[in-house]
Amino acid sequence: MPMTREDPIDRERRLHDAAVTKALGQPPPSAADDEPEEEAPDRWEHQALWVDHQIRAAMARGEFDNLPGAGKPLKLPDRHDPDWWVKGLIEREKITGVLPPALGLRREDAELDGELDRMGSEEEVRRALADFNARVVAARRQLQGGPPVVTPTREVEDEVNAWRQRRAERRAVVRAAELRAQAEQPRRRWWRRRR
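Everything quoted here is computed from the prediction, not taken from an experiment.

Basis of the calculations
- Going along each chain's sequence as written, the residues are numbered from 1 onward.
- With pLDDT at 70 or above as the cut-off, local features in this predicted model cover only qualifying residues; side-chain atom pairs require 80 or more to be listed or tallied, and sums for whole chains, interfaces and linings still use all residues.
- Side-chain calculation: all heavy atoms of the structure are included, whereas hydrogens and water are not.
- By definition, no residue in a patch forms a salt bridge, and every one has over 30% relative accessible area; like charges are joined within 9 Å, nonpolar side chains (Val, Leu, Ile, Met, Phe, Trp, Tyr) within 5 Å.
- Accessible surface area values rest on a Shrake-Rupley calculation with a 1.4 Å probe, where residue burial reflects the displayed protein chains alone.
- The term salt bridge refers to a side-chain nitrogen of Lys or Arg lying within 4 Å of a carboxyl oxygen of Asp or Glu.
- For the purposes of this entry, the term helix denotes a DSSP run of H or I that reaches at least four residues, the term strand denotes a run of E that reaches at least two, and both are numbered from the N terminus.
- Note on exposure labels: buried denotes an accessible area under 20% of the residue type's maximum, exposed denotes more than 50%, and partly exposed covers the range between, all computed with a 1.4 Å probe on protein chains only.
- Expected span, for any helix, means 1.5 Å times one less than how many residues it has.
- For this quantity, the arc is that covered by the directions from the helix axis to the C-beta atoms.
- The criterion used for residue contact is that any of the two residues' heavy atoms lie within 4.5 Å.
- By definition, a residue's bend is the angle between the axes fitted to the seven residues ending there and the seven starting there.
- Between N-to-C directions, angles cover 0 to 180 degrees, with each direction set by a line fitted to C-alpha atoms, over the stretch in contact for helices.
- Each angle is binned into one of four classes, with values under 35 degrees roughly parallel, values over 145 roughly antiparallel, values of 65 to 115 roughly perpendicular, and all other values oblique.
- Two helices cross in a left-handed way if the nearer one is turned anticlockwise from the farther one by less than a right angle. They cross in a right-handed way if the turn is clockwise.
- For this scheme, ten residues count as nonpolar: Ala, Val, Leu, Ile, Met, Phe, Trp, Tyr, Cys and Pro. Four count as charged, namely Asp, Glu, Lys and Arg, and the remainder, Gly too, count as polar.

Considering a nonpolar patch on the surface
A contiguous nonpolar patch, built from Trp50, Val51, Ile55, Met59, Phe64 and Leu67 and spanning about 590 Å² of accessible area, is present on the exposed surface. Inspection of the secondary structure assignment puts Phe64 in the loop between α3 (40-61) and α4 (84-93).

Written out as structure tokens, the structure is:
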């Protein structure tokens, strides 16, 4: 049997009736059966007043002070976007890996040179390129919805040569910085070295 959510008003009424029954030893007369239908809007108005009272009391206690985002403007889009909350969730929670394969591969292709530069050996670079190329070919073969896969595969030898060149350039820059730092150090005279 599926569980249904209980109405808070009915729950409060049942708890009240149970408390009266326990205190008096007999159930209270049923007010719901005697209540005319015209009084239902009055009940809702009283409930709205009660909620307003609870909010004002919480504000007086300072429960709404120092909330995150207090005093900051809302980030509203320029035009209506039905998926605004999904995009906000993805941005806020930094969710990755939910892009269609075509878009994910485009992003990965744009960041691939930086990833390759962090690798320390040619074997790692070759493995990463082989894996990337295999995923591009597999995404092209799948007939899933979404944008077409236009990301090109990478030539392994060309990319390895480019990786070597970038690595040599980085090493030359580091070596030049070390030499500059050594040249800028003041030379000490031979008689001042012993102290």
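Considering unusual backbone geometry
Backbone geometry places Asn66, a non-glycine residue, at a positive phi of 60 degrees. Topologically, Asn66 is positioned in the loop between α3 and α4. When its relative accessible area of 77% is taken as the criterion, Asn66 is described as exposed. The backbone phi angle of Lys94 is positive, close to 55 degrees, even though this residue is not glycine. Mapped onto the elements of the fold, Lys94 is located in the loop between α4 and α5 (101-117). Given the relative accessible area of 68%, Lys94 is considered exposed.

Thoughts on helix α6 (residues 122-141)
When the terminal C-alpha atoms of α6 are compared, their 29 Å separation across 20 residues agrees well with the 28 Å that a helix rising 1.5 Å per residue should span. When α6 is considered as a whole, its buried residues turn out to be Val125, Ala128, Leu129, Phe132, Asn133, Val136 and Ala139. Along the axis of α6, the buried positions cluster into a sector of 130 degrees, meaning they face one direction only. Facing away from the buried side of α6 by over 90 degrees, the exposed positions are Arg127 and Arg141. Taken together, the buried residues of α6 touch α5 and α7 (156-184).

Thoughts on α5
For α5, built from 17 residues, the straight-helix expectation of 24 Å at 1.5 Å per residue is met to within 8% by its first-to-last C-alpha distance of 24 Å. Along α5, the sharpest kink reaches roughly 50 degrees, centred on Glu111. When we look at burial in α5, the residues that qualify are Ala102, Leu105, Asp109, Leu112 and Leu116. Residues of α5 that are buried in the fold lie against α6 and α7.

Structural notes on the packing of α5 against α6
Contact pair α5 / α6: the axes reach a minimum separation of 11 Å and the direction vectors enclose 165 degrees. With respect to α6, the axis of α5 lies roughly antiparallel. Judged by the twist between their axes, the crossing of α5 over α6 is left-handed. Every residue of α6 that contacts α5 at Pro101, Leu105, Glu108, Asp109, Leu112 and Leu116 is listed here: Val125, Ala128, Leu129, Phe132, Arg135, Val136 and Ala139. A breakdown of the residues in the contact of α5 with α6 according to their chemical character gives 10 nonpolar, no polar and 3 charged.

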